[in-house]
Amino acid sequence: MDFNVSDEILGTFVPILVYWVYSGIYIPLGCFENYRLHSRKDEDEKNLVSKQTVVKGVLLQQMVQAVVAIILFTVTGNDSDASAVQQPPLVLCRQFVVAMLVLDTWQYFMHRYMHHNKFLYRHIHSQHHRLVVPYSFGALYNHPVEGLLLDTIGGALSFLLSGMSPRMSIFFFSFATIKTVDDHCGLWLPGNLFHFFFRNNSAYHDIHHQLYGTKYNYSQPFFVMWDRMLGTYMPYSLEKRAGGGLEAKPAKDCKD
């Protein structure tokens, strides 16, 4: 019996599956207090939204993303036979890097604007910041409008401008999903390769979720170049927290 599934369908639903599987891996790891950036008590008491509501919000966003992805694949006319043609490795690498840069650029400026526009922050982006203490499966907890503008449209632009095929998009969006979950996991695990290759990591983004850091570290999910170039980069240091675990602290005083 033939169970062939098109690259378009895989590109739509594999990143969603990856999100829940990868974020689920971090749930038991959160029991190791020495690797946490916040205590479990803070996670329970400081966050302004229940985990049940977070799950519902993420599922809603993923449903919208799936609909947009199916429409995008249909409109662009990419099919599985065409995408099955093997591209040279250099071309695939170029597409991957271009997609990363496009996604980073779109998300930086949209993210920053949502902080600076009081209406958008109050009614839209503040929903994401109800997670004062981020955790893995809350990575995509956003207002539906923000999910559409930042993640869905940003993903569509990275797909279109990079020229990648639906098959390539399976790997790119799965990687972007894993990176986003990792940035929100609230853990600093030894041997994490993301911390080695990317300055934009769980501690870097944790700074942004704190009150003193909301005007800094807008970059996501890969690089910190826009923060550095436009003066919104907040350096930090990792220090041991009283009672166990680690704490990301800003290396400069930013009380404005």
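That block above? That's the structure.
I will try to describe carefully the structure that is included in this document. (Residues numbered from 1 in each chain as written. Predicted model: local features only at pLDDT ≥ 70, side-chain atom pairs only at ≥ 80, totals over all residues. Heavy atoms only, no water.)

**Observations regarding the overall build of the chain**
What counts, and what does not: A run of DSSP states H or I qualifies as a helix once it reaches four residues; a run of E qualifies as a strand once it reaches two. Both are numbered from the N-terminal end. As a reference, a globule follows 2.2 Å times the number of residues to the power 0.38, and the radius of gyration itself is taken over C-alpha atoms. For this analysis, residues touch if any pair of their heavy atoms sits within 4.5 Å. For the accessible areas, the method is Shrake-Rupley and the probe is 1.4 Å, while residue cover comes only from the protein chains on display.
Along its length, the chain carries eleven helices and two strands. Ordered by position from N to C terminus, the α and β elements of the chain give α-α-α-α-α-α-α-α-α-α-α-β-β. Computed over the C-alpha atoms, the radius of gyration of the chain is 18 Å, within 12% of the 18 Å expected from 2.2 N^0.38 for a compact globule of 256 residues. C-alpha atoms of the chain, sized along the principal axes, occupy 55 × 40 × 35 Å. Considering only contacts within the chain whose residues lie at least 6 apart along the sequence, 69% involve residues at least 24 apart. Total accessible area on the chain is roughly 12900 Å²; 66% of this is exposed by carbon and sulfur atoms.

**A closer look at helix H3 (residues 51-76)**
For clarity, the cut-off: Each helix should span, by expectation, one fewer than its residue count multiplied by 1.5 Å.
The terminal C-alpha atoms of H3 lie 37 Å apart, and with 26 residues this matches the ideal 38 Å at 1.5 Å per residue to within 8%. Looking at the buried side of H3, the elements it contacts are helix H1 (7-29), helix H7 (144-162) and helix H8 (166-183).

**Quick word on a nonpolar patch on the surface**
For the record, the criterion: Within the patch definition used here, like charges are joined within 9 Å and nonpolar side chains (Val, Leu, Ile, Met, Phe, Trp, Tyr) within 5 Å, considering only residues with over 30% relative accessible area and no salt bridge. Salt-bridge detection follows one rule: a side-chain nitrogen of Lys or Arg within 4 Å of a carboxyl oxygen of Asp or Glu. Here's how the labels work: a residue is buried when its accessible area is under 20% of the maximum for its type, exposed when over 50%, partly exposed in between, all with a 1.4 Å probe on protein chains only.
On the surface, Leu 60, Met 63, Val 64, Val 67, Ile 71, Val 75 and Leu 148 cluster together to form a nonpolar patch covering roughly 600 Å² of accessible area. With six residues, H3 is the largest single contributor of residues to the nonpolar patch. With respect to the helices, strands and loops of the structure, Ile 71 is situated in helix H3. Given a relative accessible area of 49%, Ile 71 falls into the partly exposed group.

**Observations regarding unusual backbone geometry**
Cis peptide bonds are those with omega within 30 degrees of zero, and the linkage from Gln 220 to Pro 221 qualifies with -5°. Tracing the backbone shows Pro 221 in the loop between helix H10 (202-209) and helix H11 (225-229). Look at Asn 217: it is not a glycine, yet its phi comes out positive at around 55°. Residue position: Asn 217 is located in the loop between H10 and H11. With relative accessibility at 0%, the residue Asn 217 sits in the buried group.

**Here's the deal with the state of the cysteines**
Spelled out, the test is: Cysteine sulfur atoms are paired as a disulfide whenever they fall within 2.5 Å.
For the structure shown, the criterion picks out zero disulfides. Here Cys 185 is not cross-linked by a disulfide; its sulfur's nearest cysteine counterpart is in Cys 31, at 14 Å. Looking at Cys 185, the relative accessible area reads 8%, which means it is buried.

So far we have only geometry, and geometry alone does not tell us how the molecule works.
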